[in-house]
Amino acid sequence: MKKYRIETNCVQAGYSPKNGEPRVLPINASTTFRYDSSENMAKLFSLEAEGHFYSRLQNPTSDAVAAKIAALEGGEYAMLTSSGQAAVLFSVLNICESGDHLVSSSAVYGGTYNLFAVTLKKMGIDVTFIDPDSDSETIRGAFRKNTKLLYGETISNPTLVVLDVERYAGIAHEFGVPLIVDNTFATPINCRPIEWGADIVVHSTTKYMEGHASTIGGAIVDSGNFDWMAYPERYPGLTQPDESYHGKVYARDFGKKAYITKAVCHLMRDLGATPSPFDAFLLNHGLESLHLRMARHCSNALAVAEYLENDPRISWVNYCGLKSSKYYPLTRKYLPNGSCGVVSFGVKGGREAATRFMDSLELAAIVTHVADARTCVIHPASTTQSQLTEEQLAASGISSDLIRLSVGIENVEDIIEDIDQALSQASGDPACPPPVIKKAPYNG
Ligand SMILES: *Cc1c(COP(=O)(O)O)cnc(C)c1O
């Protein structure tokens, strides 16, 4: 089959209707699938034949969308999950069990941090967090005999730290373990971690991929590149016979599809974090315009970040696409066409000014979400992180004046005018000059 470019894959990959079939991916709202003989069915159960039998495991709508995401990431095989959290959990549990250990960047999504630090710990899996900017020796020092994987986020939520994916992949492979990367904020439009050596990519499709804040979802993509058979002792679940599946050895019998096949057959079968075909359909709609939306999110966010950087009412701005960002060299390397639409900044006057600013916004809404079409804001110190003391906030890199702004795809002048009027109200200075709007096309 012809290999298409990523924009074409956003629109068309994963579903090719045959003669007379629906042009648009149908919602297969069916839990079950009919077969002509019990032998047909038996072959499906023993993994001798490919096909659908029960939608907890596989559904044609969800599978088509997973195939599209695999094509976008340049991976071999993929699966959908009911949430990003489930994708992260499955990606780890597929190769770790009680008594194992993993190394993770500390700059990860709050939900992932808690999953790793609290819930996995209770399950007997130990996690060592490292500062993502650590030198390679420090990262190597975190590995143990029972380390099964290295984990990080391409662009971290919410701290916008850019991961040096190639360096991390090199270190993981020195120790014979895979690198798993959460690519939610960058999306495959802006970065394809597999091209830099990552082995497995996870997503919260809830964010840019679906893009309209309508459904929760997740995905796991396997590059098919990691050679599990080279480490039979380390990954027995993939390299030893599975008695619950007629002695199948996943890495031997399913080749490059081993990791995802095991995650579906074991984890999805037993834990059941299945997306509904209706949600998969909505996700597919979102993916069809991902390439157009990401370009607009990024150019809008860069214009907003540059505006904020030049505004005297702002104390600091963090956006990895800004030339002044500490991460600008890594952004140029890994995200040359744009990074993401999320910008964080501080308003002069601390927590009180930040709250006044937020309450004065008209276009941007206060919501617990990021990365959708509508511009939105949150003030972590008074909401998601409100249980923390000022000291704890500082330790987690979140100052009391921090505002996280998720820049949408509206007209950028409207977004900046809204920020400007809210800043005037927050600073009590209505005489501020009107904003100077720079329309810089974002090209790295
Ligand atoms: C939101 C998010 C998650 C969790 O995804 P849900 O779909 O909310 O379960 C995981 N990783 C990152 C980077 C996220 O932003």
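Note that this is a predicted model, so its numbers are computed, not measured.

Chemist: Can you walk me through helix 4 (residues 84–93) in this structure?
Modeler: Along an α-helix, residues three or four positions apart point the same way, because every turn accommodates 3.6 residues. Across the 10 residues that make up helix 4, a large majority, eight, are buried. Of the positions making up helix 4, those classed as buried are Gly84, Ala86, Ala87, Val88, Phe90, Ser91, Val92 and Leu93. Measuring from the backbone nitrogen of Gln85 back to the side-chain oxygen at the start of helix 4 gives 3.4 Å, which picks out Ser83 as the cap.

Chemist: I tried to follow unusual backbone geometry on my own but got confused; where do I start?
Modeler: Glycine aside, residues mostly have negative phi angles, and peptide bonds mostly take the trans form. Following Asn157, the chain continues to Pro158 via a peptide bond in cis, the omega torsion being 5°. Along the polypeptide, Pro158 turns up in the loop between strand 4 (147–153) and helix 7 (165–174). Positive phi is not limited to glycine here, since Thr187 has a value of about 65°. Counting through the fold element by element, Thr187 comes out in helix 8 (residues 187–190). Phi at Ala371 is positive, roughly 65°, even though this residue is not glycine. Turning to its location among the elements, Ala371 is positioned in the loop between strand 10 (365–366) and strand 11 (376–378).

Chemist: Would you mind going over the side chain of Ser46 with me for this structure?
Modeler: By secondary structure assignment, the location of Ser46 is in the loop between helix 2 (38–45) and helix 3 (60–73). With a relative accessible area of 11%, Ser46 lands in the buried category. When near neighbours in sequence (up to four residues on either side) are disregarded, Ser46 contacts His246 and Lys248.

Chemist: Whenever I open this one, the site of the ligand confuses me. Can you help?
Modeler: Near the ligand you find 14 residues, and of these Asn157, Asp182, Ser204, Thr206 and Lys207 are the closest. Between Gly84 and the ligand, the recorded distance is 2.9 Å, taken from a backbone N or O atom to an oxygen atom. In this structure, Lys207 approaches the ligand through a side-chain N or O atom, which is 2.6 Å from an oxygen atom. Across the complex, the protein chains shield 93% of the 380 Å² of accessible surface that the ligand would expose by itself. Residues belonging to the shell around the ligand are distributed by class as follows: three nonpolar, eight polar and three charged.

Chemist: I'm lost on the sheet that holds strand 2 (residues 101–105) in this one. Help?
Modeler: Taken in spatial order, the seven strands make up an open sheet running 1-7-6-5-4-2-3, and their pairing is mixed. The open sheet has two edge strands, strand 1 (77–81) and strand 3 (126–130), and neither has a second partner. Averaged over neighbouring strand pairs, the angle between their axes works out to 20° when direction is ignored. Sheet topology note: the strand 2/strand 3 ladder contains five bridges and is parallel. Bridge assignment links Leu102 to a residue of strand 3, and that residue is Val127. Running over the sheet, helix 7 touches strand 3, strand 4 and strand 5 (179–182) and is turned about 150° from strand 5.

Chemist: I'm lost on the nonpolar core in this one. Help?
Modeler: As a rule of thumb, nonpolar side chains are buried together in soluble globular proteins. Ile69, Phe116, Leu120, Leu179, Ile220 and Trp228 are the most contacted members of the largest nonpolar core, which totals 98 residues. Counting residues per element, this core draws most heavily on helix 11 (residues 258–271), which supplies eight residues. Three or more residues apiece are contributed to this core by two domains, here domain 1 (6–286) and domain 2 (293–427).

Chemist: Where do I start with the packing of helix 4 against helix 11 in this structure?
Modeler: Working note: a packed helix pair is described by the angle between its axes plus the distance between those axes. Relative to each other, helix 4 and helix 11 sit at 115°, their axes nearing to 10 Å. Taken as axis vectors, helix 4 and helix 11 run roughly perpendicular relative to one another. Both helix 4 and helix 11 take part in a crossing whose hand is right-handed. Of the residues in helix 11, those in contact with Phe90, Ser91 and Leu93 of helix 4 are Tyr259, Leu267, Met268 and Leu271. Among the residues making up the contact of helix 4 with helix 11, the classes are represented as six nonpolar, one polar and no charged.

Chemist: Please clarify how the packing of aromatic side chains should be interpreted in this entry.
Modeler: The geometry of two aromatic rings is summed up by the distance between their centres and the angle between their planes. For the structure shown, the criterion picks out 13 aromatic pairs. With a centroid separation of 4.2 Å and 15° between ring planes, the pair formed by Tyr113 and Phe129 is classed as stacked. With Tyr113 in helix 5 (residues 110–122) and Phe129 in strand 3, this residue pair connects regions lying 16 residues apart in the sequence. Residues Phe185 and Tyr208 carry aromatic rings whose centres are separated by 6.4 Å and whose planes lie at 65° to one another, so their mutual orientation is edge-to-face. Within this pair, whereas Phe185 is found in the loop between strand 5 and helix 8, its partner Tyr208 is found in the loop between strand 6 (200–204) and strand 7 (218–222), the two being separated by 23 residues in sequence. We note that Phe185, like Tyr208, is buried. Pairwise contacts between aromatic rings join Phe226, Trp228, Tyr231, Tyr235 and Tyr259 into one cluster. When the ring centre of Tyr109 is taken as reference, the NZ or CZ atom of Lys207 above it lies at 4.9 Å. The positively charged end of Lys257 is found above the aromatic ring belonging to Tyr77, 4.8 Å away from the centroid.

Chemist: Where do I start with the pattern of salt bridges in this structure?
Modeler: Oppositely charged side chains can pair when the atoms bearing their charge come close. Scanning the entire structure with this criterion turns up 17 salt bridges. Among the salt bridges present, the one from Glu166 reaches Lys333, with a minimum N-O distance of 2.6 Å. Placement of Glu166 in helix 7 and of Lys333 in helix 14 (residues 328–334) is noted, with a sequence separation of 167 residues between them. Residue classification places Glu166 among the partly exposed positions, given a relative accessible area of 40%. Residues Arg192 and Glu195 are paired through a salt bridge, measuring 2.9 Å at the closest nitrogen-oxygen approach. With relative accessibility at 24%, the residue Arg192 sits in the partly exposed group. For Glu195, a relative accessible area of 56% puts it in the exposed group.

Quick notes on the rules
Residues numbered from 1 in each chain as written. Predicted model: local features only at pLDDT ≥ 70, side-chain atom pairs only at ≥ 80, totals over all residues. Heavy atoms only, no water. Buried < 20%, exposed > 50% of the residue type's maximum accessible area, 1.4 Å probe, protein only. Helix = DSSP H or I, 4+ residues; strand = E, 2+ residues; numbered from the N terminus. Polar contact = N/O pair within 3.5 Å; in protein donor to acceptor, adjacent residues only side chain to side chain. Contact = heavy atoms within 4.5 Å. Near = heavy atom within 4 Å. Areas by Shrake-Rupley, 256 points an atom, 1.4 Å probe, with all protein chains shown as cover. Nonpolar A, V, L, I, M, F, W, Y, C, P; charged D, E, K, R; others polar. Pairing = 2+ DSSP bridges. Axes fitted to C-alpha atoms, helices over the stretch in contact; angles between N-to-C directions. Core = buried A, V, L, I, M, F, W, Y, C linked by side-chain atoms within 4.5 Å. Domains from an automatic or database assignment. Parallel < 35°, antiparallel > 145°, perpendicular 65-115°, else oblique. Left-handed = near helix turned anticlockwise from the far one by under 90°. Phe/Tyr/Trp six-rings, centres within 6.5 Å; stacked < 30°, edge-to-face > 60°. Lys NZ or Arg CZ within 6 Å of the ring centre and 35° of its normal. Salt bridge = Lys/Arg side-chain N within 4 Å of Asp/Glu carboxyl O.

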